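The lines below spell out each chain.
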Amino acid sequence: MKLNIHTIDTAPEGSRATLDGIAGELGFVPNLAAAAAESPVLLEAFDGLRRAAGRTGLDPVHREIAGLATGVAVDNAYGVAFHSTVLDGLGVARSDVDAMRAGAEPSDGAAGAVFAFATALVTGRGRVAPETVARVRAAGLTDEAILELVTECTFAGLVGTIDNLAGRVELDSFLTPRAWTS
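Note that the structure is predicted; figures quoted are calculated from it, not measured.

Criteria and cut-off values
- Residues numbered from 1 in each chain as written.
- Predicted model: local features only at pLDDT ≥ 70, side-chain atom pairs only at ≥ 80, totals over all residues.
- Heavy atoms only, no water.
- Helix = DSSP H or I, 4+ residues; strand = E, 2+ residues; numbered from the N terminus.
- Contact = heavy atoms within 4.5 Å.
- Areas by Shrake-Rupley, 256 points an atom, 1.4 Å probe, with all protein chains shown as cover.
- Lys, Arg positive; Asp, Glu negative; His and termini not counted.
- Charge placed at Lys NZ, Arg CZ, Asp CG, Glu CD.
- 1 Å grid on protein atoms, 1.4 Å probe; cavity = no way out; pocket = protein on both sides within 12 Å on 5 of 7 lines; lining within 4 Å.
- Points joined across faces, edges and corners; volume = space filled by probe spheres on them.
- Nonpolar A, V, L, I, M, F, W, Y, C, P; charged D, E, K, R; others polar.
- Patch = residues over 30% accessible without salt bridge, like charges linked within 9 Å, V, L, I, M, F, W, Y side chains within 5 Å.
- Salt bridge = Lys/Arg side-chain N within 4 Å of Asp/Glu carboxyl O.
- Buried < 20%, exposed > 50% of the residue type's maximum accessible area, 1.4 Å probe, protein only.
- Arc of directions from axis to C-beta.
- Core = buried A, V, L, I, M, F, W, Y, C linked by side-chain atoms within 4.5 Å.

Draft legend 1. Summary view of the overall build of the chain. Check the secondary structure of the chain and you find 9 helices and 0 strands. Taking as baseline every contact in the chain between residues at least 6 positions apart, the subset at least 24 positions apart corresponds to 67%. In the structure as shown, the chain presents an accessible area of about 8500 Å², 56% of it carried by carbon and sulfur atoms. Averaging the locations of the 14 positively and 23 negatively charged side chains of the chain gives two centres separated by 4 Å.

Right, dumping it as structure tokens:
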């Protein structure tokens, strides 16, 4: 399915205000949002989940790790490039980011627990083994934080669905250095 990369001017009328809000907040409209704009309902869901995930109390590194793990699990090239770029900016070791892009856990124990949890959540379709939950709890995450990881994984899964349905959304220029293929 080919999805258009809309601008605020070319998007359906029902998507324009949401795209304008995204542009106002981020300074630009990411191509993934521009592609989702074909459906005002989908764009609204995308933006609502994006905003909710951004309000979590999670450590930003853990949130991005959950997004990256989800992207790898659902073969989401756009999401993997995005979360890799953000993790690079947060100072996570390139070797750890590259390991996660290859489906392996990072070297840090808490980060590894988050990666394992997010991967299990997605590949198990919501079923996560008790020992995986215990591991993420032992890493210091509360039940609230674990549920906030679910929020991030749900958002990243939506991004993956759009990216895969579209046959890959063109990466924004700032993401191309971290392009990824499974």
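Draft legend 2. Quick look at the layout of surface pockets. Space inside the largest pocket adds up to approximately 380 Å³. What lines the largest pocket is a set of 20 residues, and nearest its centre among them are Leu-26, Phe-46, Arg-50, Phe-82 and Phe-155. Only helix H1 (13-26), helix H3 (40-54), helix H4 (60-73), helix H5 (77-89) and helix H9 (143-165) provide two or more residues apiece to the lining of the largest pocket. Residue composition of the lining of the largest pocket, grouped by class: 12 nonpolar, 3 polar and 5 charged.

Draft legend 3. Structural context of a nonpolar patch on the surface. A contiguous nonpolar surface patch, about 240 Å² in accessible area, is contributed by Leu-26, Phe-28 and Phe-174. Along the chain, Phe-174 falls in the segment after H9.

Draft legend 4. View of helix H8 (residues 130-138). Considered for burial, the residues of H8 that qualify are Thr-132, Val-133 and Val-136. In an axial view of H8, the angular spread of the buried residues amounts to 100 degrees, which keeps them on one side of the axis. For H8, exposure combined with an orientation more than 90 degrees from the buried face picks out Pro-130, Glu-131 and Ala-138. The inward-facing, buried residues of H8 contact helix H7 (109-123) and H9. Just downstream of H8, Gly-140 is the residue with a positive phi angle, here 105 degrees.

Draft legend 5. Main features of the pattern of salt bridges. Counted by the stated rule, this structure contains 14 salt bridges. Between Arg-168 and Asp-75 there is a salt bridge whose closest N-O contact spans 3.1 Å. In this pair, Arg-168 is assigned in the segment after H9 and Asp-75 in the loop between H4 and H5, connecting sequence segments 93 residues apart. Given the relative accessible area of 27%, Asp-75 is considered partly exposed. Where Arg-137 meets Asp-143, a salt bridge forms, and the shortest distance between an N and an O atom there is 2.6 Å. Through salt bridges with shared partners, one network takes in Glu-25, Asp-47, Arg-50 and Arg-51.

Draft legend 6. Representation of the nonpolar core. Within the largest apolar cluster, 27 residues are counted, with the highest numbers of intra-cluster contacts made by Val-136, Leu-141 and Leu-149. Counting residues per element, the ones that place at least two in this core are H4, H5, helix H6 (94-101), H7, H8 and H9. Ranked by the residues each element gives to this core, the list is headed by H7, at 7 residues. When residues no more than four places from it in sequence are discounted, the contact partners of Leu-149 are Leu-58, His-62, Ala-66, Val-114, Phe-117, Val-136 and Leu-141. One finds Ala-11, Leu-19, Ala-166 and Val-169 within the second-largest nonpolar core, a separate group that totals 21 residues.

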